[in-house]
Amino acid sequence: MPVPIRVLAGLASLGLLAWGLYAIDDVSDARWLSILGVAWLLLLVAAYVRLPNMPQFSRSLIRVALVFATVLAIVSVQLIRIQVIKQDDIVYRTAQSADGTDAIANPRVVLTPLETKRGEIFDRDGEVIAGTVQEGDHYYRTWPDPATAYIAGYFSPFLIASSGLEAEYADVLSGQTGNNPISRLFNNLLHKPQTGSNLRLTIDADLQRSAHALLDGQNGAVVVIDVETGDVVVMASNPTYDPNQLFTTSPAGNPEAQAYWESIINDPDRPLVTRASLGLYTPGSTFKTVTAAIAIERGYAEPDSVYEDDGDIEIDGRVLVENNRPDETRSEWTLREGLMWSLNVVLAQVGLQIGGDEFWEAAEDFGFGQEIPFDLPVSTSRLASSEDFLDSSNAIADTGFGQGQIQVSPLHMALITAGFVNDGVIMVPRLVDAVVSEDGDVIETKPTEEWLQPISPETAEDVEQMMVDTVTSGSVQGAQAPGYTIGGKTGTAETSTDTPHSWFIGFIGEPGQKPRYAVAVVLEQGTSGLAAPVAIGRDILVQTMQE
Amino acid sequence: MPARFRPTFRSIEFGLLIFPALIAIIGLAIIVLVPRAQLDWSWSEIWVGLAFAGAVLVMSLSLGIRGFRGDQTILPITAMISILGLLMIQRLHPDLAAISDAYSALAQRHLMYLAAGLVIMWLIVMLLGPIGLIRWLQRYRYLIILSAIALQISTFFIGTEVYGAKLWIEIGPVQIQPSEIVKLALVAFLASYLDENRDLLASGWKVGPITLPPIPYLIPMGAMWAACLLTLIILNDLGSALLFFGIFLTMLYIATGGLIYVAVGLGSFVAAAYGAWLTLDRIGIRVQNWLNPWKDPLDAGFQPVHSDYALASGGVFGVGLGYGSPTYIPEVQTDYIFSAIGEELGLLGTLAVICLYLFFVVRGFTIALRARDGYVQLFAAGLSSIIAVQTIIIVGGVTRIIPLTGITLPLISYGGSALLTNFALSGMLLYVSGLPRRV
């Protein structure tokens, strides 16, 4: 056989094999076997060397040796395919039995996650949020309390991977990082399963349960933050889901878990979206605190600056009607009164004073358009879908009193509120307090860090006082609680449907002292008006103080 | 005789044997230590490895003292392949013994047969060869092949059935697998017969312009072969049937250089296989297990599916000797031992095993090329072809390039008869390499 033909045949064989290795999935797909067959014939051509001047026996023997060698080369290609190229596909492959009653999966894959003693997740007092239960040689994951389970997230290695802290801290919980490096090396050398490290959260499970009791099944969120440290003490979200029902001990044969998964991903209420950090809502009048703070910080107003509000205002041909005046005969109101009584016309004028460009810039100082540094996935709040929106006076006016295009998460609103009573400093929210070893030794404590300082301590003090006034003698007197100083602000977020979302933001402290906790409550389509979020916010704040 | 009795030191062989000897000792140590997970052991626990290392080294020295001047690589390759088998069986034994009492003596038996195999190999080179084993095989070829076929047929009447196939005859405590003996007899017979009639077979009959194969000379040979084949098909030992068929075609081609035989043989085989697939249920299951075992993964496809899992779990480097779970594959110690190697030693391990077999075959063919006598040439080529064809059948089956037909991986799988005959095969190859060469 001429050399060029042999070279071509060899190259064609290699090309065909390379293409087949990547194009075809199944180990013994008939097409792949055909490719192997054709590639083998081409290899035979490539190996058909000239053997002149030798006896027939020698020539035949060499030919046979080459045939054997080419067959073994094809076998090697198949081995490379099974053991390397399609390795993951095969290792994780599952299948149903012929009659559909049973299923099969690679037992090695099934056992590895169950052989690791996964770290547990505790609340701040050591109550188990996500636990590990040993049965024989295997460890199973449980989430004992539905009020805290979803903060941990689901851990479903065989069905749908994991979410929440179970995903964000997977390496720590499974012992890949975070524990003693020497014991980790030792375990690796001896092929021993790793022992995961535990997480201690800032969450208080008792308060978390209270928050769920207060929410009473309504869709919404409650976030309570320690203003000085940024510790997230409560992060309640409704609706919830049960990660226990997603945990399976094998990749195959889990019709119930599969059905549950289908049901929660198709649920129109979207229980997998934890409202507190991932939900975005129009803040409504709660945002007036931010507008006021920006105006004071930037010198456009003082708490006692006077604005005209006689029941309506015309902006660029649109008439904005005021419904919130406590006294319809008065037409002059201070900024403080505008906040206390939630006067849209006043805050619209404040917004126009600030102007679109500066509003945008100042909102960025408050964290709008920035991702909140947090242990769980967050949705990023925004002042408007783009800066251009604020070119129109009406848009600026709407934004000033909390409508327009603003979208904000409950976590972010709680952080902003905490900043008003923490000398204008917004802390990085802490959820994971510490990584703790199996023996209870603290391996790593998450630091307390400042995130933003959008306003000066003086401005912050003004806003704080105005919010206290709102509760003491303004429109949110329902938030009062004996023995505590409480400040707050409500909000109603217009939605595309008829029923709006209702908000409460607020803070609590001992009288005469710096407030200690801030709260944000949102109720989706709150049917009972603003009284409900106010009551929830007040009660959870008081209980937090009492804990 | 005294003139040829000049002691020598087989330095290449001895040097190469260091590798299997070290692997034996280190491998045994790993097998002992892994389940224990701590460094606590004694020499007595790895005596198997030490004994193997000692045995092969002493064997090399004794061959040198005997003045044997044959090939210096066959013994190291044989030792290397068989130590892999010994280690795998030693490693599988505790896991298998935990599954069933039937496996409680697995490792001991394998060790016993391996020791007996080494002795047989040694005896053939030291004693049986020099006193004329090869000539006897040539002279009594009809007696040998007929007794082999008789033994094979008797399996049908007195054989023990395991998994729907009658492969063994039980004689007291010993089980014999006749097909293993038949494969050697077949090669001995074919070598002798083909050598005698080589020219006739190669030239053929000229009828006008057409050349016909010399049919009368093909008949006795074809009959012997057909008898073996038929028995095996009746006994449902398709692996051995395929092996005999492969050996037959290979030797016919080597002896005559006639591609026509190969073409006719393969053609008739494909037709027969297709017919069997259409008519026999059990063949249909084999084909489904070959093309898509995932259709019925918990029943018929259970073994191949778990074999896939094991091979894929190994990856490039393997999970490490003793760290895998190959015993999820039923009967891993015989048909699927290659998958166990794939899981624990990875792609590097499986490719190394394939290279070892290829090297064995190439050395065997080299011995055949150098042999002076036409019979010895064919005999050596046939013995090497057994290893090649058998490896291709079982490894091709395990990796699902072809349908799986149960057959042992030479010198590695568990099985007494297989080990003994394969060591005998190595011994005969080694012996004929020491015969006077062609100049």
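If you're wondering where the values come from, they're calculated on a predicted model, not measured in any experiment.

Let us look at the overall build of chain B. Across its full length, chain B holds 15 helices and five strands. In terms of overall dimensions, chain B is globule-like: its C-alpha atoms have a radius of gyration of 22 Å, near the 22 Å expected for 439 residues. Based on the C-alpha atoms only, the size of chain B along its principal axes is roughly 80 × 65 × 45 Å. Summarising the internal contacts of chain B: among those between residues at least 6 apart in sequence, 70% fall at separations of at least 24.

A word on the packing of helix α15 (residues 344-354) of chain A against helix α17 (residues 393-400) of chain A. Residues and elements named next belong to chain A. Between α15 and α17, the shortest axis-to-axis distance is 7 Å and the interhelical angle comes to 120°. When the interaxial angle is binned, α15 and α17 end up oblique. As for the relative orientation of α15 and α17, their crossing is right-handed in sense. Contacts between α15 and α17 pair Leu347, Ala348, Val350, Gly351 and Leu352 from the former with Ser393, Ile396, Ala397, Thr399 and Gly400 from the latter. Residues belonging to the contact of α15 with α17 are distributed by class as follows: six nonpolar, four polar and no charged.

Glancing now at unusual backbone geometry. Residue and element names in this part refer to chain A. Residue proline 239 is reached from asparagine 238 by a cis peptide bond, and omega for that bond is -5°. Here proline 239 is to be found in the loop between β10 (232-238) and α11 (255-266). Positioned with a positive phi, aspartate 423 is a non-glycine residue whose angle comes to about 55°. When you line up the elements, aspartate 423 lands in the loop between α18 (410-420) and β15 (426-427).

Time to look at the environment of B:Arg36. All names here are of chain B. Mapped onto the fold, arginine 36 is located in the loop between α1 (11-33) and α2 (47-65). By C-beta crowding, arginine 36 is classed as exposed, having 11 other C-beta atoms within 10 Å. For the pair arginine 36 and isoleucine 83, spaced 47 residues apart in the sequence, the C-alpha separation amounts to 22 Å.

Take the pairing of strand β13 (residues 318-321) of chain A next. Residues and elements named next belong to chain A. Here strand β12 (residues 312-315) runs beside β13; their pairing, made up of four bridges, is antiparallel. Paired with isoleucine 315 across the two strands is arginine 318, which belongs to β13. Here β12 folds back onto β13, and the loop between the two strands holds two residues, one of which, aspartate 316, carries a positive phi near 50°.

So, how was this worked out
Residues numbered from 1 in each chain as written. Chains lettered and ligands numbered in written order. Predicted model: local features only at pLDDT ≥ 70, side-chain atom pairs only at ≥ 80, totals over all residues. Helix = DSSP H or I, 4+ residues; strand = E, 2+ residues; numbered from the N terminus. Rg over C-alpha atoms; globule rule 2.2 N^0.38 Å. Contact = placed C-beta atoms within 7 Å. Axes fitted to C-alpha atoms, helices over the stretch in contact; angles between N-to-C directions. Parallel < 35°, antiparallel > 145°, perpendicular 65-115°, else oblique. Left-handed = near helix turned anticlockwise from the far one by under 90°. Nonpolar A, V, L, I, M, F, W, Y, C, P; charged D, E, K, R; others polar. Buried ≥ 20, exposed ≤ 12 C-beta atoms within 10 Å, placed from the backbone. Pairing = 2+ DSSP bridges.

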